[in-house]
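If you want the building blocks of each chain, they are given just below.
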Amino acid sequence: MRNLASGVAIVTTGKTVCRRGLTVSSVTSMCIDPPCLLAAINSRSETHDAILANRRFGVSLLRGDQEDLALRFGGLDAAKGAHRFDTAQWNQGVLDVPLLQGAVCTLECILYDHKTISTHSIFIGRVVATIPGHGEPLINLQGALRTLPRD
């Protein structure tokens, strides 16, 4: 699966000191009617339980120049909990979930369903709001973060 290129996103929920978020490369469109997406999240993550409690979440698709945020929310520095949000600008969306300013795109979802399989849960979110952005997407390919070359 390391050879399957995938977009990199930060999945978030909560507000103020209860904000939680993590980096994922497992977000995909699921269906259009109703518009839903799927995100897989480790069940040991504090974000996992926060999404279950809040029943809503945001997805911020990262730009190629936002690798530092991908690493931060991936747990590769000492920041935890709401402190992960300290190094970037965030807005609270219509569902009151954190959305990254300057992302390629942000989506807000109401939790439609979830299923735990082994170490992860699949969260199905009904998309209720989107904000388009700009820039080249950050991708994960063969364990490395990168952008696609332009022709």
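See the structure shown above.
First, a word on what this report is: a plain description of the structure on this page. All values derive from a computational prediction rather than experimental measurement. (Residues numbered from 1 in each chain as written. Predicted model: local features only at pLDDT ≥ 70, side-chain atom pairs only at ≥ 80, totals over all residues. Heavy atoms only, no water.)

Per the counting criterion, the structure on display carries three aromatic pairs. A ring pair is formed by phenylalanine 73 and phenylalanine 85, whose centres lie 5.1 Å apart and whose planes are at 85°; its orientation type is edge-to-face. With phenylalanine 73 in helix H2 (residues 67–73) and phenylalanine 85 in the loop between H2 and strand E7 (90–92), the pair connects residues that are twelve residues apart, well separated along the chain. By the burial criterion, phenylalanine 73 is buried, and phenylalanine 85 matches it. Ring geometry for phenylalanine 73 versus tryptophan 90: centroids 5.5 Å apart, planes at 50°, classification tilted. (Phe/Tyr/Trp six-rings, centres within 6.5 Å; stacked < 30°, edge-to-face > 60°. Helix = DSSP H or I, 4+ residues; strand = E, 2+ residues; numbered from the N terminus. Buried < 20%, exposed > 50% of the residue type's maximum accessible area, 1.4 Å probe, protein only.)

Here the focus is the nonpolar core. One finds Val11, Leu37, Ile41, Ile51, Phe57 and Val59 to be the most contacted residues of the largest nonpolar core, which totals 15 residues. When residues of this core are traced back to their parent elements, those giving at least two are strand E2 (9–13), strand E3 (20–24), strand E5 (35–42), strand E6 (56–61), strand E9 (105–117) and strand E10 (120–132). Counting residues per element, this core draws most heavily on E9, which supplies four residues. Ignoring any residue separated from it by four or fewer positions in sequence, one finds isoleucine 41 in contact with Val11, Leu22, Val24, His48, Ile51, Thr119, His120, Ser121 and Phe123. By size, the runner-up hydrophobic cluster in this structure holds twelve residues, among which are Phe73, Ala88, Leu100 and Ala103. (Core = buried A, V, L, I, M, F, W, Y, C linked by side-chain atoms within 4.5 Å. Contact = heavy atoms within 4.5 Å.)

Another aspect to go through is the pairing of E10. Moving residue by residue along a regular strand, the side chains alternate between the two faces of the sheet. Where E5 lies against E10, seven bridges are found, and the strand directions are antiparallel. Residue pairing in the sheet places asparagine 42 in a bridge with histidine 120 of E10. As paired strands, E9 and E10 are joined by twelve bridges and run antiparallel to one another. In the strand pairing of E10, isoleucine 110 is matched with arginine 126. Taking the residues between adjacent antiparallel strands as the criterion, E9 and E10 are bridged by two residues, where serine 118 takes a positive phi near 60°. (Pairing = 2+ DSSP bridges.)

On to the layout of surface pockets, then. Gaps left between atoms are located by rolling a probe of water-molecule size over the structure's atoms. Counted as a void, the largest pocket has a volume near 250 Å³. Looking at the largest pocket, it is lined by 14 residues, and the ones nearest its centre are Thr23, Ala70, Gly74, Gly75 and Leu76. Elements with a contribution of two residues or more to the lining of the largest pocket: H2 and strand E12 (144–146). When residues in the lining of the largest pocket are grouped by element, the largest group, three residues, is from H2. Looking at side-chain class alone, the lining of the largest pocket contains seven nonpolar, six polar and one charged residues. Quantified by volume, the second largest pocket comes out at close to 210 Å³. Every residue along the wall of the second largest pocket is listed here: Met1, Arg2, Leu4, Ala5, Ser6, Ser25, Asn140, Leu141 and Gln142. Classifying every residue of the lining of the second largest pocket gives four nonpolar, four polar and one charged. (1 Å grid on protein atoms, 1.4 Å probe; cavity = no way out; pocket = protein on both sides within 12 Å on 5 of 7 lines; lining within 4 Å. Points joined across faces, edges and corners; volume = space filled by probe spheres on them. Nonpolar A, V, L, I, M, F, W, Y, C, P; charged D, E, K, R; others polar.)

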